[in-house]
Amino acid sequence: MRLRNIRGSREKIAGSQYVIHEEEQRAGTWQEIFGNDHPIHIEIGMGKGKFLMEMAKEHSAINYVGIEKYSSVLLRALEKMEQEETPLSNLYFIRMDAEQIGKVFDKEEVDRIYLNFSDPWPKDRHAKRRLTSKEFLARYDQILKVGGQVEFKTDNRLLFDFSLESVKEAGWNLKAFTYDLHHDPELMKGNIMTEYEERFSALGNPIHKLIADREKN
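1. Examining helix α7 (residues 195-202)
In step 1: Two to three positions downstream of the cap, the backbone nitrogen of Tyr196 sits 3.3 Å from a side-chain oxygen, assigning the N-cap of α7 to Thr194.
In step 2: Note on α7: the residue one or two positions beyond its end, Gly204, has a positive phi of about 90 degrees.

2. Quick notes on unusual backbone geometry
In step 1: Unusually for a residue other than glycine, Phe117 sits at a positive phi of about 55 degrees.
In step 2: By relative accessible area, which is 9% here, Phe117 ends up buried.
In step 3: The phi dihedral of Trp121 falls on the positive side, at around 40 degrees, and the residue is not glycine.
In step 4: Relative to the assigned elements, Trp121 resides in the loop between β4 (110-116) and α5 (134-143).
In step 5: By relative accessible area, Trp121 is classed as partly exposed at 22%.

3. A short note on the sheet that holds strand β2 (residues 63-68)
In step 1: Taken together, the seven strands give an open sheet; going across it, the order is β3-β2-β1-β4-β5-β7-β6, and neighbouring strands pair in mixed fashion. The open sheet terminates on both sides in strands that have one partner only, identified here as β3 (91-95) and β6 (173-178). Strand-to-strand twist of the sheet, defined as the mean angle between neighbouring strand axes without regard to direction, takes the value 15 degrees.
In step 2: Note: β4 against strand β5 (residues 144-154), six bridges, orientation parallel. In the strand pairing of β5, Ile113 is matched with Val150.
In step 3: Sheet strands in contact with helix α3 (residues 50-58) are β1 (40-44), β2, β3, β4 and β5, and its direction is about 175 degrees off that of β2.
In step 4: Along the sheet, helix α6 (residues 157-169) contacts β5, β6 and β7 (208-213); its crossing angle with β7, the most-contacted strand, is approximately 15 degrees.

4. Things to note about the packing of aromatic side chains
In step 1: Counted under the stated rule, the structure contains 10 aromatic pairs.
In step 2: The interplanar angle of 35 degrees and the centroid separation of 6.1 Å between the aromatic rings of Trp30 and Phe34 together place this pair among those described as tilted. Of this pair, Trp30 and Phe34 both sit in helix α2 (residues 30-34), four residues apart, which is roughly one turn of that helix. With respect to burial, Trp30 and Phe34 carry one shared label: buried.
In step 3: Taken together, a centroid distance of 5.2 Å and an interplanar angle of 15 degrees make the contact between Trp30 and Phe105 stacked. You can see Trp30 sitting in helix α2 and its partner Phe105 sitting in the loop between β3 and β4, a full 75 residues away along the chain.

5. Re the side chain of Thr178
In step 1: Take Thr178: it is sitting in strand β6.
In step 2: Here Asp180 takes part through its backbone nitrogen, which lies 3.0 Å from a polar atom of the side chain of Thr178.
In step 3: In this structure, Thr178 is in contact with Phe160, Asp184, Leu187, Ile207, His208 and Lys209, ignoring residues within four places of it in sequence.

6. Side note on the environment of Phe152
In step 1: By the element assignment, Phe152 lies in strand β5.
In step 2: Distance in space between the C-alpha atoms of Phe152 and Phe117 is 7.7 Å, their sequence separation being 35 residues.
In step 3: Aside from chain neighbours lying at most four places away, what touches Phe152 is Leu115, Ser118, Thr132, Leu159, Phe160, Ser163, His208, Lys209 and Leu210.

7. Overview of the pairing of β7
In step 1: Here β7 lies mainly inside the structure; six of its six residues are buried.
In step 2: Burial of β7 is two-sided: the residues His208, Leu210 and Ala212 facing one way and the residues Lys209, Ile211 and Asp213 facing the other way are all buried.
In step 3: In this structure, β5 lies alongside β7, joined through six bridges in antiparallel fashion. Paired with Lys153 across the strands is Lys209, a residue of β7.
In step 4: The sheet contact formed by β6 and β7 spans five bridges and is antiparallel. Across the sheet, residue Ala176 finds its bridge partner in β7, namely Ile211.

Quick notes on the rules
Residues numbered from 1 in each chain as written. Predicted model: local features only at pLDDT ≥ 70, side-chain atom pairs only at ≥ 80, totals over all residues. Heavy atoms only, no water. Polar contact = N/O pair within 3.5 Å; in protein donor to acceptor, adjacent residues only side chain to side chain. Helix = DSSP H or I, 4+ residues; strand = E, 2+ residues; numbered from the N terminus. Buried < 20%, exposed > 50% of the residue type's maximum accessible area, 1.4 Å probe, protein only. Pairing = 2+ DSSP bridges. Axes fitted to C-alpha atoms, helices over the stretch in contact; angles between N-to-C directions. Contact = heavy atoms within 4.5 Å. Phe/Tyr/Trp six-rings, centres within 6.5 Å; stacked < 30°, edge-to-face > 60°.

What follows is the structure, given as structure tokens:
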């Protein structure tokens, strides 16, 4: 799901202090941008930014980058950031297509990737576009540190089963998974809910989660 197009959203994004622009960003320079060598965690398809903003508040020693493809959605996240009483110095946003992720993050520059309620792309011919496909796992493999993790949450059972199979086929380690996150005490530790997670769990939909890393067997 996406928001309607909002007139002037690109112009507002271009002038925001919280946005790093894809065309200007060079891989390997995130430590310079943040001004420290803290671990870097990214969320691909961050939506309105609730998850990353909460994470940034709770973990000040971690740097966060939110990636969003649609200007109208990113604009909502910027509006939330501007309402914060205390600016979050460990969080930046970037508007880009995740297929180009290797252009803005260097080899082994990222410690963790979050995928939350990603577009399921239900048609078989679009399987390569799913953010948990083998094709995207190969992209993540290039930017994640050895032992770096991908964490994925969804309420879509078909997409989750596809993702479990993709992890296996890509040769990654499946560290943990559950079909009912909110009734799994171990995986619920430190869980931050996204807007979609709040909505779907309130409807009684079980939330699925997996954690995989690139450390090969």
